[in-house]
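# Descriptive structure summary
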Amino acid sequence: MLTVWLIIPQMAARIRNTLLASLLLVLMTAACSNQAQQYFDTGLEYALAGEHQKALGFYDEAIRLDPQTSKPSRRVWFTRGVSYNQLGQYEKAIQDFNEAIRLDSQDTTAYLMRGVAYRYLDQHEKAIADLTEAIRLDPQFAFAYGSRSIAYEKAGQQYEADADNKRACELDRMWCK
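Residues numbered from 1 in each chain as written. Predicted model: local features only at pLDDT ≥ 70, side-chain atom pairs only at ≥ 80, totals over all residues. Heavy atoms only, no water.

### Focus: the side chain of R148
This is how the line gets drawn: Put simply, DSSP H or I for four residues or longer makes a helix, DSSP E for two residues or longer makes a strand, and each gets a number counted from the N terminus. It only takes one pair of heavy atoms within 4.5 Å for two residues to be counted as in contact.
Looking at the element boundaries, R148 is found in helix α9 (residues 142–154). Every residue in contact with R148, bar those within four places of it in the chain, is listed here: I128, L131, T132, I135 and D164.

Okay, structure coming up:
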C-alpha cells in the first residue's frame, strides 16, 4: 500500500494535464481507502476460517458503508448470506441472496445458495425454481443439478431427482451414488 502512495505523485507529476492528474489521485485514493472493501475482506477471512458469526459483523459494516452501489457490495450480500446459511439462519440468508440477485440477476451462485436455503426450510418448489434458474444460467453447473436432485427427492418427485442426479454425476463424479 505504501508503494502505491509513493508512485502516485511520480505518475501525477508526469501528466501534463492537471485535470487528469487530479482525477488519477482521486481514483487511486478511493481505491486504496475503500473501507467497505477492507471490512468485506476481513469478514471473508473469518468465514473461510469457519467463524461465520464473527464474519457477520464485518459484512454488516461493509454493507453499512456501501449498501448497494457496486459489484463489491453484491459480493458482500452474497457472502453474508452464505454465512447465515452456515449458521442455519435460512430466512436471513434468503434476504441477502435476494439482494445479491437484485444487484446481479445473472449470479448463478446466488440462485444456487438461495435454492439450498429454501430446501433447508422445506420449501421445495421455491428451491426447485431457484436451482432451475441456476441451471438455465449455467447448464454445466453440476452442484445445481445435484442440489435440485435433492429438492426433487424431498418433494416426492423421484423420477426428476434421478434424472438430475444422473446429470450431476455426468458433470462431476462427486455426485455419483
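### As for the nonpolar core
Stated formally: We define the nonpolar core as a collection of buried residues of types Ala, Val, Leu, Ile, Met, Phe, Trp, Tyr and Cys that are connected through side-chain atoms lying within 4.5 Å of one another. Only protein chains enter the accessibility calculation, which uses a 1.4 Å probe. A residue is then buried if its area is under 20% of the maximum for its type, exposed if over 50%, and partly exposed in between.
Counting 37 residues, the largest nonpolar core has Y59, V76, F78, L112 and A144 as its most contacted members. When residues of this core are traced back to their parent elements, those giving at least two are α3 (35–48), α4 (52–65), α5 (71–86), α6 (90–103), α7 (108–120), α8 (124–137), α9 and α10 (158–171). When neighbours within four sequence positions are excluded, Y59 is seen to be in contact with F40, G43, L44, A47, V76, T79, R80 and S83.

### Some details on the confidence of the model for the protein chain
To be explicit about the condition: One confidence number per residue, pLDDT, is output by the predictor and ranges from 0 to 100.
Taken residue by residue, the protein chain gives an average pLDDT of 83. The fraction at 70 or more is 78%. A low-confidence stretch, residues 1–33 (pLDDT under 50), is modelled with 15 contacts involving residues beyond four sequence positions or located in other chains.

### Regarding the state of the cysteines
Basically, it comes down to this: Note that a disulfide, as used here, is simply two cysteine sulfur atoms within 2.5 Å.
Across all of its chains, the model carries one disulfide by this definition. Two residues share a disulfide in this structure: C169 and C176, whose sulfurs sit 1.7 Å from each other. Residues C169 and C176 share a disulfide whose torsion about the S-S bond is about 85 degrees; that sign makes it right-handed.

### Examining the packing of aromatic side chains
Stated formally: Only centres within 6.5 Å qualify two rings of Phe, Tyr or Trp (six-membered ring in Trp) as a pair; their planes then separate them into stacked at under 30 degrees, edge-to-face at over 60, and tilted for everything else.
Inspection of the entire model under this criterion finds six aromatic pairs. For the pair Y39 and F58, a centre-to-centre distance of 6.1 Å together with 35 degrees between the ring planes defines the contact as tilted. Here the residue Y39 occupies a position in helix α3, and F58 occupies one in helix α4, the gap between them amounting to 19 residues. Look at F58 and you get partly exposed, because its relative accessible area is 25%. Where Y90 meets Y120, the ring centres are 5.0 Å apart and the plane angle is 15 degrees; that geometry is what we call stacked.

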